[in-house]
Every structure is written in structure tokens, then in C-alpha cells.
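What follows is each chain in one-letter form.
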Amino acid sequence: MAASISVAEAVWSEIRLSQSAVTDDQLSILHFLFGKNLERATRIVDQRGVKRVIGEPSGRSLFQVVGESRRREEYICFPFHYCSCYSFFYETINRGEQLTCKHQLAARLASSVGACVEVKMKLMRPIDLFQQALKNNKPVQGRFLGLDVGVKYVGLAISDPHNKIASPLSVLVRKKSKIDLMAKDFSLLISEFSLAGFIVGYPFDSQGAGSVEAVPVKLFMEELRNTGKFEGLPYTYWDERFTSKCVEVFLRPLNLQHALSKSFVDKFAAVGILQGYLDFVNRNLKETDSVLSR
């Protein structure tokens, strides 16, 4: 097994360095090592079924590979170490019958020959995101979506067309198994409101770093990026400390039922996050214009 891996690595290195078409000799060696999985991987690559999802500014990436079944499932894949498909766990890990699964092989092949579809969702500084929205030459200025991300729910708020005032929008149920459905909901909102970016509530600590409560937020944004459906859409983090607590205090005298109260808390916490961001960037813009006009 170790010798086969070494031979495969040498061939991949040759292909990557040559930056040209794969030779017949290289194909023969790969076919000898991987058998029918190479044929399946080649079909996936030919159908543009390999996405490379890149997180910015870190530059770290993973692959999202489309399966061959009629359902066209997409599998998260690291070519060297992991694939979320059943075959990887059963035939590669448990039984040791294969060096890699076909999805890992497709990711490796596409990466080596430059056939990946690259997807980027860019993390930006708060003020940079607003300035980018102002610079876009569009007939309608893009609006912003505020997100209050919790373990079970995601509260949403939307800015007005002039990006001055935040209003409550809705609440999405957060389930890892339904991240693709949530991605579709976000895609519809992007089209409906011409969104310029996401403003994501983030629980910073007193030193300005992420607290323990920030982990679910990071995981959620990672899941969204991994769907590959938000290429080029920027987002930024905004301090959400005490937003939910403030909303709870205001709602307490109303004695609402728990489910209704929770829905209000999530939506209006998102309003607090987005409104705080809008106030900051508009104030910053006004101060900058004042300085330039002197």
C-alpha cells in the first residue's frame, strides 16, 4: 500500500508540474493503481463536478464533489485524508480495498489539471464591505442581511434600500442536515433584496477576540461557504454582545408564549446587530465626507 501511494504521489506531481494534458503513460499508471475509480473520477471532472471552496482571507480550502447518482449529492472532500461519502468509510477506511474513493480522486485530478470550479465567499472588514456596496455601479443599491446565529435558530433582519434602518424579517430553523435548504432560502433572499452582503452577529469578548459562544457562528458560516452557492458574496462580523438580552428585557412585560417570544428575540436581536452596523458605517461615512469637504 505504501509503495502504491508513493507511485501515485510521483505521478500527481508530474501532472501538476507539467501543467499540460495528462499523458498516456501517466493515465496507464493511474488506471493500474485506481482501476474503475479513475474512470468514474474522470467523468466527474469532465462534467465540471469538482468545486474548490476557498475561505478568505485565510486562503484555506476544501473540495465539494458531485456524485454520480441521479440525486447528484455533493460530498465534502479532502483529497489526502477524507471524504463524506459512504464508500470512503466502508471501502477505504474499514476494508482497505481502495487507496481513495472516486470523489477524492476526482478532486486530486481536477486540482492537478486546473479543472476545478473555484468558489469564494469573502470575509471583509465592516467598513470595507459598506464601501464596496457603494462603489458597485448598480441601478439599485444593495441591501444588507443581518444574521443572529444561534444553535437552533437563525434570526434575520433586512436593511432599507438606503441602508439606514434595519427591520425584522424572519427566523430560520438551523439544522446541519438541512444546510442546503437554508442555502436555498438565502439565495432567494439575495435575489429578492439585491443583497450586497451578510452582517453576522459575533460574540466578541472584552479584548475584541471571539468568545466560546462564537464557535456555533463560525461553524454556521463554514457550512454556508461549503455549499458553494455564495460565490463572491462578502460578509462581515459585528459585535452582538447583549443584543438578545436587551430584547428579552423589552419583551418580558408582554408575557408572550415561549415559542413566540423566542421568534421575536431572534428576529429583533438580528435587528440590533444590523442596526448597530448601519449606524457605525453611516457615521463613519459622514465623518469622512466632512473631513474631505474642509
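Residues numbered from 1 in each chain as written. Predicted model: local features only at pLDDT ≥ 70, side-chain atom pairs only at ≥ 80, totals over all residues. Heavy atoms only, no water.

Draft legend 1. Region of interest: the overall build of the chain. Secondary structure summary: the chain contains 10 helices and 10 strands in total. Sequence-distant contacts, at least 24 apart, represent 62% of the contacts inside the chain between residues at least 6 apart. (Helix = DSSP H or I, 4+ residues; strand = E, 2+ residues; numbered from the N terminus. Contact = heavy atoms within 4.5 Å.)

Draft legend 2. Spotlight on unusual backbone geometry. Unusually for a residue other than glycine, Arg48 sits at a positive phi of about 55°. For Arg48, the location among the structural elements is in the loop between helix 3 (36-46) and strand 1 (50-56). With a phi close to 55°, Asn163 is a non-glycine residue in the positive phi region. With respect to the helices, strands and loops of the structure, Asn163 is situated in the loop between strand 7 (153-159) and strand 8 (166-173).

Draft legend 3. A look at the packing of helix 7 (residues 179-193) against helix 8 (residues 215-226). Where helix 7 contacts helix 8, the two axes come as close as 10 Å, and the packing angle between them is 80°. As summarised for this structure, helix 7 and helix 8 are arranged roughly perpendicular, according to the angle between their axes. The residues of helix 8 that touch helix 7, namely those facing Ile179, Met182, Ala183 and Phe186, are Phe220, Glu223 and Leu224. Of the residues belonging to the contact of helix 7 with helix 8, the class tally is six nonpolar, no polar and one charged. (Axes fitted to C-alpha atoms, helices over the stretch in contact; angles between N-to-C directions. Parallel < 35°, antiparallel > 145°, perpendicular 65-115°, else oblique. Nonpolar A, V, L, I, M, F, W, Y, C, P; charged D, E, K, R; others polar.)

Draft legend 4. Molecular detail of the packing of aromatic side chains. Following the criterion strictly, the structure yields 15 aromatic pairs and no others. Judged by centre distance (6.0 Å) and plane angle (75°), the ring pair of Tyr82 and Phe89 falls under edge-to-face. On the basis of relative accessible area, Phe89 is assigned to the partly exposed category, the value being 39%. Between Tyr86 and Tyr90, the aromatic rings sit 5.5 Å apart at their centres with planes inclined by 15°, giving stacked as the arrangement. (Phe/Tyr/Trp six-rings, centres within 6.5 Å; stacked < 30°, edge-to-face > 60°. Buried < 20%, exposed > 50% of the residue type's maximum accessible area, 1.4 Å probe, protein only.)

Draft legend 5. Examining the nonpolar core more closely. By size, the foremost hydrophobic cluster in this structure holds 27 residues, and its most contacted members are Trp12, Phe34, Val50 and Val65. Elements represented by at least two residues in this core include exactly helix 1 (2-18), helix 2 (24-34), helix 3, strand 2 (61-66), strand 3 (74-78) and helix 5 (102-113). Broken down by element, the residue count for this core peaks at five residues, all from helix 5. By size, the runner-up hydrophobic cluster in this structure holds 26 residues, among which are Leu147, Leu172, Ala183 and Tyr202. (Core = buried A, V, L, I, M, F, W, Y, C linked by side-chain atoms within 4.5 Å.)

Draft legend 6. The pairing of strand 3, seen in detail. In strand 3, alternate side chains face the same way, and those of Tyr75 and Cys77 are buried while those of Glu74, Ile76 and Phe78 on the opposite face are not. Linking strand 3 back to strand 4 (residues 82-83) in an antiparallel pair, the connection comprises three residues. (Pairing = 2+ DSSP bridges.)

Draft legend 7. Expanded view of the state of the cysteines. A complete count under the given rule lists zero disulfides for this structure. The thiol of Cys85 is unpaired, and the distance to the nearest cysteine sulfur, on Cys83, comes to 3.6 Å. Residue class for Cys85 comes out buried when judged on its relative accessible area of 2%. (Disulfide = S-S within 2.5 Å.)

Draft legend 8. Seen up close, a nonpolar patch on the surface. Taken together, the side chains of Phe78, Tyr82, Phe89 and Ile93 define a hydrophobic patch exposed on the protein surface, amounting to about 350 Å² of accessible area. Assignment of secondary structure puts Ile93 in helix 4 (residues 86-94). (Patch = residues over 30% accessible without salt bridge, like charges linked within 9 Å, V, L, I, M, F, W, Y side chains within 5 Å. Areas by Shrake-Rupley, 256 points an atom, 1.4 Å probe, with all protein chains shown as cover. Salt bridge = Lys/Arg side-chain N within 4 Å of Asp/Glu carboxyl O.)

Draft legend 9. Structural detail: the environment of Ile199. The residue Ile199 is located in strand 9 (residues 195-202) in this model. Given a relative accessible area of 0%, Ile199 falls into the buried group. Linking Ile199 and Ile158, residues 41 residues apart in sequence, is a C-alpha distance of 9.8 Å.

Draft legend 10. Looking closely at the pattern of salt bridges. Applying the stated criterion across every chain, the model contains two salt bridges. Salt-bridge contacts for Asp128 lead to Arg125; the nearest nitrogen and oxygen are separated by 3.0 Å. Residue Glu222 is joined to Arg225 by a salt bridge in which the shortest nitrogen-to-oxygen separation is 2.1 Å. Within this pair, Glu222 and its partner Arg225 are both found in helix 8, separated by three residues, close to a single helical turn. Overall, the relative accessible area of 13% leaves Arg225 in the buried class.

Draft legend 11. Molecular detail of helix 5. Taking 1.5 Å per residue, 12 residues should reach 16 Å; helix 5 reaches 16 Å between its end C-alpha atoms and fits that length. When you tally the buried positions in helix 5, you get 10 out of 12 residues, the bulk of the element. Trailing helix 5 by a residue or two, Gly114 shows a phi angle of about 75°, which is positive. (Expected span 1.5 Å × (residues − 1).)

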